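Spelled out from the first residue to the last, the chains are:
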Amino acid sequence: MTDIALVEDVVERIGELPVMSAVVGEFVMRADDPSTTMDELVHVIERDPVLAAKVLRVSNSPYYGMRQHVGTLKLALVILGSREVRNLVLGLSVTDMAGMEHIDPIFAKGYRLHSYLVAALTRRLANEVAGVDAGEAFVGGLLHDIGKIVLARRFGAEYAKIHNDNKAFSEQLCAAERSQYGFSHAEVSAALSITWSFPESLSDALWLHHYDPKFSMEQAKNRKLAAVVRVANYCARNSEPNAAKDIWEEPDMAAVWRCLGILEPDACRALLQSIHEEMIAEAETLAAIF
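Residues numbered from 1 in each chain as written. Predicted model: local features only at pLDDT ≥ 70, side-chain atom pairs only at ≥ 80, totals over all residues. Heavy atoms only, no water.

*Asks:* Looking at this structure, how should I read the overall build of the chain?
*Replies:* The helix and strand tally for the chain stands at 16 helices and zero strands. In terms of overall dimensions, the chain is globule-like: its C-alpha atoms have a radius of gyration of 18 Å, near the 19 Å expected for 290 residues. Viewed in the frame of its principal axes, the chain has a C-alpha envelope of about 50 × 45 × 35 Å. Across the 290 residues in the chain, those meeting the buried criterion constitute 55%. Here the contacts in the chain between residues at least 6 apart in sequence split such that 66% fall between residues at least 24 apart. With the model as given, the accessible surface of the chain reaches about 12,500 Å², and the carbon-plus-sulfur share is 53%. (Helix = DSSP H or I, 4+ residues; strand = E, 2+ residues; numbered from the N terminus. Rg over C-alpha atoms; globule rule 2.2 N^0.38 Å. Buried < 20%, exposed > 50% of the residue type's maximum accessible area, 1.4 Å probe, protein only. Contact = heavy atoms within 4.5 Å. Areas by Shrake-Rupley, 256 points an atom, 1.4 Å probe, with all protein chains shown as cover.)

Put into structure tokens, the structure is as follows:
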């Protein structure tokens, strides 16, 4: 549900949103165009040498487990595929573009670790659900809380207090954010993704990673993708200190199970519990390479 009014409301209240770099924007657009050649994609990303070096570093990391050294961007594109490299570019770029370096280091560390865990869980869960692209799910998990960075950068200590006072309970945090600013961090995440021309399915998933009374799960462009990100986020939060223990009973969870279709609640819980420790280890790997 692309909502330009949401973007306008967020901009009016907190100011202009961060701008996506020209290189990243063009690369994402071209990677989604089947007529784009590998050489054209290489030419785009080579215009940002720092980003190009990061892509090669991560391509050779334990996360991908390559059997051969990936020494060129073209080889990375051939082996990983243009969509996976697109996801990699977004993951490497977006938090920096949102202004991560301008926020409290402790807040930033907690944000990163949670985001990496949700990203790992979404990728794994997507493999169990037909109709969800694992790479897009990974990006959704990695970027679901990007709105928190925007709010933390804009409002500093004020937002840090709101977050710290309410972070154990998602509905409580979203309610406190709406009371103070008129929208939640999930809505800011969606506004930012709309501004950056992300696919509507991804913007919806970022918006719906928490329950929103104005926007139901059934309205999402890709309901399964949105449901996967929601469940992964709740599972990750349940492992954190002082987390609420009733997250599986939060509003709209029945709709989440319906959207997942093949996964009954008990089966989904069992799956997530079985892979949780493995995903924590994967999140630590992501933290070391991103």
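Once the structure has been displayed, the description carries forward.
*Asks:* Explain the pattern of salt bridges to me, please; I cannot follow it from the model alone.
*Replies:* Two side chains with opposite charge may pair up if their charged atoms get near one another. Within the structure shown, the criterion is met by 15 salt bridges. With its nearest N and O atoms 2.9 Å apart, the salt bridge here joins Glu26 to Arg30. Here the residue Glu26 and the residue Arg30 both occupy positions in helix H2 (residues 22–31), the gap between them amounting to four residues, near one helical turn. With relative accessibility at 21%, the residue Glu26 sits in the partly exposed group. Residue class for Arg30 comes out partly exposed when judged on its relative accessible area of 27%. Between Arg83 and Asp133 there is a salt bridge; the shortest N-O distance is 4.0 Å. Taken as a pair, Arg83 in helix H6 (residues 82–97) and Asp133 in the loop between helix H7 (105–126) and helix H8 (134–143) lie far apart in primary sequence, 50 residues in all. For Asp133, a relative accessible area of 35% translates into the label partly exposed. (Salt bridge = Lys/Arg side-chain N within 4 Å of Asp/Glu carboxyl O.)

*Asks:* Honestly, unusual backbone geometry in this entry has me stumped. Any pointers?
*Replies:* Keep in mind that most residues, glycine aside, have a negative phi and that most peptide bonds are trans. Residue Ser197 is not a glycine yet carries a positive backbone phi of 60 degrees. Its location among the elements puts Ser197 in the loop between helix H12 (185–195) and helix H13 (200–207).

*Asks:* Where do I start with the packing of helix H9 (residues 146–155) against helix H10 (residues 157–166) in this structure?
*Replies:* The relative placement of two packed helices is expressed as an angle between their axes plus a distance between the axes. Remark: H9 packs on H10, axes separated minimally by 6 Å, with the N-to-C direction vectors making an angle of 135 degrees. What the angle tells us is that H9 and H10 run oblique. Where H9 approaches H10, its residues Lys148, Leu151, Ala152 and Phe155 are matched on the opposing element by Ala157, Glu158, Tyr159 and His163. Here the residues of the contact of H9 with H10 sort into five nonpolar, one polar and two charged. (Axes fitted to C-alpha atoms, helices over the stretch in contact; angles between N-to-C directions. Parallel < 35°, antiparallel > 145°, perpendicular 65-115°, else oblique. Nonpolar A, V, L, I, M, F, W, Y, C, P; charged D, E, K, R; others polar.)

*Asks:* What exactly am I supposed to notice about the nonpolar core here?
*Replies:* In globular proteins that are soluble, nonpolar side chains generally tend to be buried together. Membership of the largest hydrophobic core comes to 104 residues, with the highest contact counts inside it found for Phe27, Val55, Leu121 and Leu260. A per-element tally of this core places H7 first, with eleven residues. Those residues in contact with Leu121 that lie beyond four places of it in its chain are Ala232, Cys235, Ala236, Leu272, Ile275 and Met279. (Core = buried A, V, L, I, M, F, W, Y, C linked by side-chain atoms within 4.5 Å.)

*Asks:* For this particular structure, what's the right way to read the packing of aromatic side chains?
*Replies:* Ring pairs (aromatic) are described by centroid distance and by the angle formed between their planes. Going through the model one piece at a time under the given rule, you end up with five aromatic pairs. On the numbers, 4.7 Å between centres and 65 degrees between planes, the contact of Trp207 with Phe215 is edge-to-face. A connected cluster of aromatic rings, assembled from ring pairs, spans Phe107, Phe155, Tyr159 and Tyr181. (Phe/Tyr/Trp six-rings, centres within 6.5 Å; stacked < 30°, edge-to-face > 60°.)

*Asks:* I'm lost on helix H3 (residues 38–45) in this one. Help?
*Replies:* An α-helix turns once every 3.6 residues. As a result, residues three or four positions apart point the same way. Residues of H3 that are buried include every one of Leu41, Val42, Val44 and Ile45, and no others. Along the long axis of H3, the arc covered by the buried residues comes to 160 degrees, so they all point the same way. Of the surrounding secondary structure, the elements contacted by the buried residues of H3 are H2, helix H4 (49–59), helix H5 (73–80) and H6. (Arc of directions from axis to C-beta.)

*Asks:* Before we go on, may I ask you to explain H12 in this structure?
*Replies:* Of all eleven residues in H12, ten are buried; the element is thus mostly enclosed. Within the span of H12, buried status applies to His185, Ala186, Glu187, Val188, Ser189, Ala190, Ala191, Leu192, Ser193 and Ile194. As for H12, its buried residues are in contact with helix H1 (4–14), H8, H9, H10, helix H11 (170–181) and H13. Backbone geometry just downstream of H12 places Ser197 in the positive-phi region, at approximately 60 degrees.

*Asks:* Sorry if this is basic, but what is going on with the environment of Val7 here?
*Replies:* The topology assignment puts Val7 in helix H1. Expressed as a C-alpha distance, the spacing of Val7 and Ile194, which sit 187 residues apart in the sequence, is 7.5 Å. In contact with Val7, not counting residues within four places along its chain, are Leu17, Ala191, Ile194 and Thr195.

*Asks:* What's the story with the packing of H4 against H5 in this structure? I'm lost.
*Replies:* Contact geometry for H4 and H5: axes closest at 10 Å, N-to-C directions at 50 degrees. The angle between the axes of H4 and H5 places the two elements in the oblique class. With respect to the hand of their crossing, H4 and H5 are arranged in left-handed fashion. For the pair H4 and H5, contact is made by Ala52, Val55, Leu56 and Ser59 and by Leu73, Ala76 and Leu80, respectively. Looking at the contact of H4 with H5 residue by residue, the class counts come to six nonpolar, one polar and no charged. (Left-handed = near helix turned anticlockwise from the far one by under 90°.)

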